Amino acid sequence: MAQAHWCCYPWLVLLCACAWSYPQPGYLGREDVRNCSTNPPHLPVTAANTTIQLAALRQWMQAWNLTAYIVPDTDAHMSEYIGKHDERRAWISGFTGSAGTAVVTMGKAAVWTDSRYWTQADRQMDCNWELKKEGSDAVSISSIVTWILAEVPAGGHVGFDPFLLSVDSWENYNLEFQDSNRRLVSVPTNLVDLAWGSDRPPMPSQPIYALPKEFTGSTWQEKVSTVRSYMKNHAMAPTGLLLSALDETAWLFNLRSGDIPYNPFFYSYTLLTDSSIRLFVNKSRFSLETLQYLNTSCSSPMCVQLEDYSQVRDSVKAYASGNVTILIGLSYTTYGLYEVIPKEKLVTQEYSPVMLMKAVKNSREQALLKASHVRDAVVVIQYLVWLEKNVPKGTVDEFSGAEHIDELRRNESFSSGPSFETISASGLNAALAHYSPTKDLHRKLSSDEMYLVDSGGQYWDGTTDITRTVHWGTPTAFQKEAYTRVLMGNIDLSRLIFPASTKELARIRSLHSWLLSAGFPCCLQPVSQAPSFSCFLTFLMDFQHPGAYLTFEVVSFVPYDRNLIDVSLLSPEQLQYLNQYYQTIREKVGPELQRRQLLEEFAWLEQHTQPLSAMAPITTSLTSMWVAFTLAILSWSS
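Calculation criteria
Residues numbered from 1 in each chain as written. Predicted model: local features only at pLDDT ≥ 70, side-chain atom pairs only at ≥ 80, totals over all residues. Heavy atoms only, no water. Helix = DSSP H or I, 4+ residues; strand = E, 2+ residues; numbered from the N terminus. Buried < 20%, exposed > 50% of the residue type's maximum accessible area, 1.4 Å probe, protein only. Contact = heavy atoms within 4.5 Å. Areas by Shrake-Rupley, 256 points an atom, 1.4 Å probe, with all protein chains shown as cover. Pairing = 2+ DSSP bridges. Axes fitted to C-alpha atoms, helices over the stretch in contact; angles between N-to-C directions. Patch = residues over 30% accessible without salt bridge, like charges linked within 9 Å, V, L, I, M, F, W, Y side chains within 5 Å. Salt bridge = Lys/Arg side-chain N within 4 Å of Asp/Glu carboxyl O. Core = buried A, V, L, I, M, F, W, Y, C linked by side-chain atoms within 4.5 Å. Disulfide = S-S within 2.5 Å. Polar contact = N/O pair within 3.5 Å; in protein donor to acceptor, adjacent residues only side chain to side chain. Phe/Tyr/Trp six-rings, centres within 6.5 Å; stacked < 30°, edge-to-face > 60°. Lys NZ or Arg CZ within 6 Å of the ring centre and 35° of its normal. Right-handed = clockwise from strand over helix to strand, strands pointing away. Expected span 1.5 Å × (residues − 1). Arc of directions from axis to C-beta.

Under an unreviewed UniProt entry, the name given to the protein chain is X-prolyl aminopeptidase 2, and the organism recorded is Cricetulus griseus.

In structure tokens form, the structure reads like this:
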């Protein structure tokens, strides 16, 4: 049986059990999952009938002389979240999990996904589909190709949409198919879209708007000039820069919309040269004011030329036919664009210069980010106060809690909604990787259990992501010790001063963003993120020593649960840091609560940020040593 993931909240796994595993649904006789071994097969009411979809796709496969077709779960920009019209794998298979790849042959169909989604897949897929269970968070291309080779006869053609494979993924598929006597075929027309037909949701059409000037750190003209300077000084001096990631274009032009969930971006590409700016987008979505903002009526180097979004491949191919070189960031460029640029004209690096530049915040952007975190702290404090009043009444469950905090954020000034799907988890559920409740599947919140909320917001002036864990009853000594020891690790990380060349401080991950190195300001997340995950800015230290050193500034302003802190375990330095952090929260969030006349929340803040007092040290127990040892293994193992 597969082991449960420890990657997100390992300390909660420790609290719940030393080790536990997911049972295999097929052996339980459960009514809520499929059982394809019976005659007739058992299908739950949640399973989708995909017979018609598969028949339609296979007709198009036959028309293109394909014996297999790969259906990834991404869009043409390698986005973390995708829009409804890009949910091709969900449409063809019925499985709506956020990770997984489908492959359809003329006689079979299979989905590969990791252990987070096995049960969900067995609830949603009918028996047209095989479920291939991957153990890690990433689906293995090798295992997909192994299955394809077993199902596709020699000489068969395996099709894929080049706009849905990154360059790295294409290279891996190509390597796996070498010497297999099967051909990997790039099909620029997506066959699932053809099968989907008129039922496919349309492309978004809501307005694309410019951020108000007061919410930007630089004008788009200043950013373009900086990027052009980077290109001019680059060792290869590329003549053009192709931007594929949606956040690249949105950041460059200070434009926003809402084409994909949890991110205020819009479908677009940019081709920037020293003499032109070409923005590939649906130009009907711009108001006259925004068109004027972009200087679209002129043709000078600082005027934006709008071109149709669907023409990007042809336009890049035409540009590449000249005496040019094109710089791309491999992480977000798909094979669909990569394949039309001659190799001798490509200049590649892992990330585009725009990705590098937008990670380094100027003083104005830092001030804006901090302001967004103050308002977001008000949201989280309102939520925690609401929970304290309502959980004892038995009226709150994980799903209603998530809905409430999401609504609080939507009502905030300058809000674009949540920055990811809220993780609202009680008891055992809080130890599950990427767990989110649904209207039908959720757990009641209880004063007898620990509760974790991992949530964030998108605002015009910044993006937030914060985790807090609470217990409204009487936690056990073991729970307090585990919580406190992870808190101690977070404090030590926050206080750390380290060389700028450091690449990894612990096993660090970045949710809903990316991490270039420890040298760039962004949200950092240690693997043991509970009892809290806070966003950090990274700053250069001024030392009388050779070399550059960095440190962190925490910009999340919500106190930890005092009920779970064993003060006796904290060192004097850790205690001092914690009390200073609480004083900072009072100074930054308190006035905002008073300004809004949120008197109950202000009283809560005053109570929960009272200075903690040192207690007599206790003898280290075997339990303490075991917890510390286990957490160390979890934090440093790869």
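Draft legend 1. Region of the structure containing the overall build of the protein chain. Within the protein chain, the secondary structure is distributed over 19 helices and 26 strands. Classification of the 638 residues of the protein chain by burial places 55% in the buried group. Taking contacts inside the protein chain between residues at least 6 apart in sequence as the whole, the part at least 24 apart equals 71%. Summed over all atoms, the accessible surface of the protein chain reaches about 27,300 Å², with 53% contributed by carbon and sulfur.

Draft legend 2. Structural context of the sheet that holds strand 6 (residues 183-186). Sheet architecture is open: six strands sit in the order 4-3-2-1-5-6, paired in mixed fashion. Of all the strands in the sheet, just strand 4 (130-134) and strand 6 have a single pairing partner and so form its edges. Direction aside, neighbouring strands of the sheet carry axes that sit 20° apart on average. The pairing of strand 2 (residues 101-105) with strand 3 (residues 109-114) spans four bridges and is classified as antiparallel. Counted as the bridge partner of Val103 is Ala110 from strand 3.

Draft legend 3. Geometry of the sheet that holds strand 15 (residues 415-418). Read from one edge of the open sheet, three strands run 15-18-19, paired in antiparallel fashion. This sheet does not close on itself; its edge strands, each paired only once, are strand 15 and strand 19 (462-463). Relative to strand 18 (residues 457-459), strand 15 runs antiparallel, the two sharing three bridges. Residue pairing in the sheet places Pro418 in a bridge with Gly457 of strand 18. Contacts between helix 15 (residues 398-410) and the sheet are confined to strand 15 and strand 18, with strand 15 contributing the most and set at about 170° to the helix.

Draft legend 4. Local environment of a nonpolar patch on the surface. The grouping of Trp60, Trp64 and Leu194 at the surface amounts to a nonpolar patch, some 270 Å² of accessible area in total. Assignment of secondary structure puts Trp64 in the loop between helix 2 (51-63) and strand 1 (68-71). Since its relative accessible area comes to 39%, Trp64 is described here as partly exposed.

Draft legend 5. View of the nonpolar core. In terms of nonpolar packing, the biggest core is built from 68 residues, with Ile148, Tyr173, Phe253 and Ile326 touching the most fellow members. Look past the residues within four positions of Phe253 in its chain and what remains in contact with it is Trp220, Thr270, Ile277, Leu279, Tyr293, Leu294 and Val304. If you look at the next biggest cluster of nonpolar residues, it comprises 48 residues, including Ile381, Val470, Met488 and Phe557.

Draft legend 6. Region of interest: the state of the cysteines. Applying the stated criterion across every chain yields a total of two disulfides. Note on cysteine connectivity: Cys36 is disulfide-linked to Cys127, with sulfurs 2.0 Å apart. Because the torsion about its S-S bond is -95°, the bridge between Cys36 and Cys127 counts as left-handed. Of this pair, Cys36 sits in the loop between helix 1 (10-16) and helix 2 while Cys127 sits in the loop between helix 4 (118-124) and strand 4; the two residues are 91 residues apart in sequence, bridging distant segments of the chain. For Cys36, a relative accessible area of 38% gives the class partly exposed. You can call Cys127 partly exposed: its relative accessible area is 30%.

Draft legend 7. Examining the pattern of salt bridges more closely. Applying the stated criterion across every chain yields a total of 27 salt bridges. When the shortest N-O distance is used, the salt bridge between Glu407 and Arg410 registers 3.9 Å. Placement of the pair is Glu407 and Arg410 together in helix 15, with a separation of three residues, close to one helical turn. Judged by its relative accessible area of 40%, Glu407 is partly exposed. Look at Arg410 and you get partly exposed, because its relative accessible area is 46%. Across the pair Glu606 and Arg586 runs a salt bridge, and its minimum N-O distance is 3.5 Å. Of this pair, Glu606 sits in helix 18 (residues 599-608) while Arg586 is found in helix 17 (residues 572-595), placing the two residues 20 residues apart along the sequence. Among the charged side chains, a network of salt bridges with common partners joins Asp86, Arg88, Asp193 and Arg200.

Draft legend 8. Spotlight on the side chain of Thr467. Looking at where Thr467 falls in the secondary structure, it is placed in strand 20 (residues 466-471). Here the side chain of Thr467 touches Asp454 through a polar contact of 3.2 Å, side chain to side chain.

Draft legend 9. Looking closely at the packing of aromatic side chains. Within the structure shown, the criterion is met by 19 aromatic pairs. Plain terms: the ring middles of Trp112 and Trp147 are 5.4 Å apart, the flat faces sit at 80° to each other, and that makes the pair edge-to-face. With Trp112 in strand 3 and Trp147 in helix 5 (residues 141-151), this pair connects stretches of sequence that are 35 residues apart. Trp147 sits in the buried class, given a relative accessible area of 8%. Aromatic pair Tyr581 and Tyr582: ring centres 6.2 Å apart, planes at 35°, arrangement tilted. Considered together, Tyr581 and Tyr582 belong to a single accessibility category, that of buried residues. Three or more aromatic residues joined by ring pairs form one cluster here, namely Phe160, Trp170, Tyr335 and Tyr338. Above the plane of the ring of Trp251 lies Lys223, whose end atom (NZ or CZ) is 4.1 Å from the centre. A cation over a ring is seen here: Arg375 above Tyr459, with NZ or CZ 5.2 Å from the ring centre.

Draft legend 10. Focus on the pairing of strand 12 (residues 304-307). Pairing of strand 11 (residues 277-280) with strand 12 involves four bridges; the strand directions are parallel. Bridged to Ile277 within strand 12 is Val304. Read from strand 11 through helix 10 (residues 288-293) to strand 12, the crossover connection turns out right-handed.

Draft legend 11. Structural detail: helix 15. With 13 residues, helix 15 ought to run about 18 Å at 1.5 Å a step, and its terminal C-alpha atoms sit 19 Å apart, in line with that. Taken as a whole, helix 15 has its buried residues at Glu398, Gly401, Ala402, Ile405, Asp406, Leu408 and Arg409. An end-on view of helix 15 places all buried positions within 155° of arc, on one side of the element. Each element contacted by the buried residues of helix 15 is listed here: helix 14 (363-390), strand 15, strand 16 (423-426), strand 17 (450-455), strand 18 and strand 20.

Draft legend 12. View of helix 8 (residues 220-233). Its 14 residues place the ends of helix 8 20 Å apart at the C-alpha level, agreeing with the 20 Å of an ideal helix rising 1.5 Å per residue. The complete set of buried residues in helix 8 reads Trp220, Lys223, Val224, Val227, Arg228 and Met231. The arc that holds every buried residue of helix 8, seen down its axis, measures 135°, which confines them to one face. Exposed residues on helix 8 whose side chains face more than 90 degrees from its buried face are Lys232 and Asn233.

Draft legend 13. Focus on the pairing of strand 6. One ladder, built from four bridges, connects strand 5 (residues 157-160) with strand 6; its direction is parallel. In the strand pairing of strand 6, Phe160 is matched with Ser186. Crossover connection from strand 5 via helix 6 (residues 167-177) to parallel strand 6: handedness right-handed.

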